[in-house]
Amino acid sequence: MNETKNIIVGLELGSKTSQLCYYDRKEKEPISLSPKVGSNQYPFPTSLSKKPGEDVWHLGLEAEYFASQQGEIMIDDFFGILNQEEEVLVDGQLTEPYKVAGAYLKETMKLLGVSDLVRQVSALMITTEQLTQAMVHNLQRACEEIGFSRKRCFLQDFEESFFCYVLNQKAEYWSRKVAWFTFDRDQVSFAQLVIDQKTKPMIVRILRGKTIQLSEDPAERDLEFYQLIHESFGTDNYSSIYIVGEGFDKEWAVRSVPLLCKNRRHVFYGNNLFVKGACYGAREKVEERNLKNYLFSGQGLIKSNIGMEMAVQGSQAYYPIIEAGNNWYECIREFEIILDNTEELTFLVNPMEGKIRTRYSMKLPGLPKRPNKTTRLQIRVEYESASVCVITVTDMGFGEMFPASGQVWTEKVSW
């Protein structure tokens with residue numbers, strides 16, 4: 001690679017294979033990196049091995065070699081470990097999953113070939129098919145483990161990476177609807193990217209369509225895919241079509257390819273769309289705001305603004321806590337308040353679609369009896385999914401006169 005500083009990186013993390021790329025400012029696009037110098041084979045196995053008794057790790061094909069030929073310990077189901085909260089047994093010791101993830105990220109980032117990752121990499125976006133609470137926790141902690149703050153490491157799912165990739169292409173490719181076919185061997189699913197140009201910012205959605213099982217017979221397979229295309233498109237106008245995954249081949253798609261290309265539609269097929277979309281997403285976070293006029297309404301989007309009314313410098317004011325339009329795993333807020341003539345908390349919930357604001361009250365049973373304005377509370381608001389918010393309240397007391405009771409109240413809310 002030809003970058004020396006402020007490197008923007010995209011990492012696609014899959015259950016079987018992963019990919020890495022960086023943004024080339026000269027070419028003005030993401031460039032994929034191969035584990036082998038001079039090779040155009042970019043995906044590598046999502047595998048990790050460890051040398052017994054030493055802090056030495058290997059990645060991908062090297063991991064498979066060292067595990068089979070050099071007696072290293074293969075970390076079975078690394079992707080599954082990312083979804084665990086409990087410690088896992090590695091080299092005879094119980095280890096936090098995020099530490100294993102940290103080792104994986106560290107080895108992966110070595111593919112960049114730079115001497116000081118922390119100083120030279122300005123942003124890393126990790127993309128995967130679906131983000132769970134455990135995976136978010138482990139990947140965020142793993143980034144911290146290798147020296148990156150949360151202001152430089154980001155997460156997004158494949159849908160958002162698809163959005164980032166498509167809208168960074170020529171405008172003619174997404175002036176109308178965009179089709180997305182995902183192949184998984186003998187299964188194919190359809191989705192479409194739609195932009196609502198009447199809203200401000202313009203809302204972009206991924207609408208999921210039909211999934212079918214394909215025959216192994218080439219002629220039958222072609223007919224089934226042809227029918228799926230015809231049924232999914234209907235009379236709608238599409239600017240472009242993207243085909244990803246393993247299972248599509250022009251050799252058998254004799255009837256399907258002409259239908260895909262009908263009406264001069266742009267058709268693209270490849271396996272590096274998501275990793276490049278992650279790279280574009282990272283650049284959007286730390287540098288150019290090319291997509292500032294678009295709001296991606298994905299599965300992980302928080303759709304309500306959360307706040308409280310409180311006295312600020314003697315006057316009643318609205319205090320924002322969570323802003324709608326962000327992904328759930330990015331929404332964490334911690335602050336302190338002093339109670340004033342109340343023993344409960346009231347949150348104001350305002351949906352981003354502009355519906356009526358509602359109030360949600362959280363009781364604090366067992367709250368110590370103290371004079372007014374002598375109870376200080378620490379409030380932490382975070383999400384465990386797009387629909388479930390977790391509120392944690394801790395009694396902090398009020399100086400030496402009213403010491404903290406140590407009481408903690410936790411409530412899960414679906415706004």
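Each value, and the rule that gives it
- As a convention, each chain's residues are numbered from 1 in the sequence order in which they are written.
- pLDDT decides what is reported in this predicted model: residues at 70 or higher carry local features, side-chain atom pairs at 80 or more are listed and counted, and totals for whole chains, interfaces and linings draw on all residues regardless.
- Note: side-chain values were computed over all heavy atoms of the structure, leaving out hydrogens and water.
- Two rings from Phe, Tyr or Trp (for Trp, the six-membered ring) form a pair when their centres are within 6.5 Å of each other. A pair whose planes differ by under 30 degrees is stacked, one over 60 is edge-to-face, and the rest are tilted.
- Lysine NZ or arginine CZ positioned within 6 Å of the ring centre and within 35 degrees of the ring normal marks a charge as sitting over the ring.
- To qualify as a helix, a DSSP run of H or I must reach at least 4 residues; to qualify as a strand, a run of E must reach at least 2; elements of each kind are numbered from the N terminus.
- As used in this structure description, the phrase polar contact means that two N or O atoms lie within 3.5 Å; if the pair is within protein, one of them must be able to donate a hydrogen and the other to accept it, and residues adjacent in sequence are counted only when both atoms belong to side chains.
- Note on contacts: a residue pair qualifies if any of its non-hydrogen atoms lie within 4.5 Å across the two residues.
- We define a salt bridge as a side-chain nitrogen of Lys or Arg found within 4 Å of a carboxyl oxygen belonging to Asp or Glu.
- Burial classes follow relative accessibility: with a 1.4 Å probe on protein chains only, a residue under 20% of its type's maximum area counts as buried, one over 50% as exposed, and anything between as partly exposed.
- Only when DSSP finds a minimum of two bridges between them are two strands counted as paired.
- The axes used here are C-alpha line fits, helices contributing only the stretch in contact, and every angle between their N-to-C directions lies in the interval 0 to 180 degrees.

Peer 1: What is the right way to read the packing of aromatic side chains from this model?
Peer 2: A ring pair, where both rings are aromatic, is described by two values, the distance of the centres and the angle of the planes. Per the stated rule, a full pass over the model turns up 29 aromatic pairs. Ring pairing ties together the aromatic residues Y23, F158, F162, Y165, Y173, W180, Y242, F268, F274 and Y280, which thus form one cluster. In this structure, R141 is placed above the aromatic ring of Y98, and the distance from its NZ or CZ to the ring centre is 4.0 Å. Residue placement shows R208 over the ring face of W180; its charged tip is 4.8 Å from the ring centre.

Peer 1: Can you help me understand the side chain of K50 in this one?
Peer 2: Inspection of the secondary structure puts K50 in strand β5 (residues 48-50). One polar contact links K50 to D91, side chain to side chain, over a distance of 2.8 Å. Those residues in contact with K50, other than ones at most four positions away along the chain, are V56, W57, E72, I73, V90 and D91.

Peer 1: Which parts of the structure should I look at to understand the pattern of salt bridges?
Peer 2: Where charged atoms from two side chains of opposite charge approach closely, those side chains can pair. As enumerated under the stated definition, the model contains 21 salt bridges in all. Here E159 ties to R208 by a salt bridge, and the two come within 3.1 Å at their closest N and O atoms. With E159 in helix α6 (residues 158-166) and R208 in strand β14 (residues 202-213), the pair connects residues that are 49 residues apart, well separated along the chain. Its relative accessible area of 6% is what places E159 among the buried residues. On the basis of relative accessible area, R208 is assigned to the partly exposed category, the value being 47%. One salt bridge in this structure joins R380 and E382, with 3.1 Å as the shortest N-O distance. For E382, a relative accessible area of 23% corresponds to the partly exposed category. Residues joined in a network through salt bridges with shared partners are E334, R380 and E382.

Peer 1: Can you help me understand the sheet that holds β14 in this one?
Peer 2: Where strands meet in a sheet, backbone hydrogen bonds hold them as pairs that are either parallel or antiparallel. Ordered in space as β16-β15-β12-β13-β14-β17, the 6 strands form an open sheet in which the pairing is mixed. Sheet topology places β16 (266-269) and β17 (294-296) at the edges, where each strand pairs with a single neighbour. The mean angle between the axes of side-by-side strands here comes to 20°, regardless of whether they run parallel or antiparallel. Sheet topology places strand β12 (residues 177-184) next to strand β15 (residues 238-246); 8 bridges connect them, and they run parallel.

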